[in-house]
Amino acid sequence: MKARNIIKTPNIMAWVLLALMPGIAGMTYYFGVGILWNVFWLSAFSLATEVFVVVIRTGTLAPSALQAPMLNNIGDGSTFLAAWLIAICLPPFVEVDILTIAAVTAIGLAKHAYGGLGNNIFNPAMVGYAVILLSFPQALAAWPALGGVENLAADTLSGATYLSEFRYRDAMTVDEFLLNNPQVMHQQIIAGLFLLGGLSLIYLRIISWRIPLALLLTVGLLASVTYDQGSTQSMGSAWFHWTTGGTIAAAFFVATDPVTHPSRPSHQIIFAISIGILLFVIRTQGNLPDGIAFAVLLANCTTPLLNRIHRQRQSQHV
């Protein structure tokens, strides 16, 4: 219990960043240092965008006037968290100009256009990622072969390329596909490392268990219903959808963003279920190469309505 009591508000983002490190380390081990390239440049560009916007909003270059706004906007670590979440969506060594667009969009548009931290409707990281995914799909599909298997791409948070390979597997059963792609174990290790970090956040009471559990159960239930015992028409088992792509990372690190999810616990479950449904439908039926970013952003649209319903119920009981 002592470990849970040491968490203070200014330290929350630092703990979340720390919890992301095992997953990033696993990605770096299997995909190479290009993952750290993305983390570094996205962090730098996001920080530069934050500083620029704060200066513009403050309207002065005087250090005394900028000190408090800078500490409020940069000191909480949310800027770096958005950068890291975008980074784990991307293949290694993404071009610098694309990373710049992602950072400016996430911090300048999704965060500050709505009034800064605490006022944004949409998850900044997912906005930044979605913009470059739609603008530069070919560049973001350049994943290296994993586990020494040539000409087979695999990804992490989005799950786009690997799941696309599964969808168009030329009349192979699920078992045949997995047998021909032994690198799936590496995907599971990466997912497990993100799970380890996510569970630590629940233990420290930084995030609640409701959203991750409801999201994962929804995806698992839909996958089980459509699994078809692994035939050539099967959409994949629950385990497959949990451990390939970025379902785990999204459940613990993206969907749990306290600013963009509803405040009422029961509404959080509704929010998570909607993400799970949208994720599975886009992943298995849609033409887009990604499901998580768009599922989260669409679910974010429901948060203001659910919060309004919550406030109305509270006022009725006063």
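Scroll up for the structure.
Cut-offs and rules
Residues numbered from 1 in each chain as written. Predicted model: local features only at pLDDT ≥ 70, side-chain atom pairs only at ≥ 80, totals over all residues. Heavy atoms only, no water. 1 Å grid on protein atoms, 1.4 Å probe; cavity = no way out; pocket = protein on both sides within 12 Å on 5 of 7 lines; lining within 4 Å. Points joined across faces, edges and corners; volume = space filled by probe spheres on them. Helix = DSSP H or I, 4+ residues; strand = E, 2+ residues; numbered from the N terminus. Nonpolar A, V, L, I, M, F, W, Y, C, P; charged D, E, K, R; others polar. Buried < 20%, exposed > 50% of the residue type's maximum accessible area, 1.4 Å probe, protein only. Salt bridge = Lys/Arg side-chain N within 4 Å of Asp/Glu carboxyl O.

This next bit is on the layout of surface pockets. Taken as a whole, the largest pocket holds about 600 Å³ of empty space. Only helix 2 (12–31), helix 5 (78–87), helix 6 (96–111), helix 7 (124–135), helix 11 (210–226) and helix 13 (247–254) provide two or more residues apiece to the lining of the largest pocket. Considering each element in turn, the lining of the largest pocket owes the most residues, five residues, to helix 5. Grouping the constituent residues of the lining of the largest pocket by class yields 20 nonpolar, nine polar and three charged.

With respect to the element layout, Phe240 can be found in helix 12 (residues 238–243). Phe240 gets classed as buried once you look at its relative accessible area, which sits at 3%. Linking Phe240 and Gln188, residues 52 residues apart in sequence, is a C-alpha distance of 9.0 Å.

Once that is clear, we can look at the pattern of salt bridges. Applying the stated criterion across every chain, the model contains one salt bridge. For Glu50, the salt bridge identified is with Lys111, shortest N-O distance 2.8 Å. Note that Glu50 is positioned in helix 3 (residues 34–58) and Lys111 in helix 6, a separation of 61 residues in sequence. By the burial criterion, Glu50 is buried, and Lys111 matches it.

Don't take any of this as a statement about function, it's just geometry.
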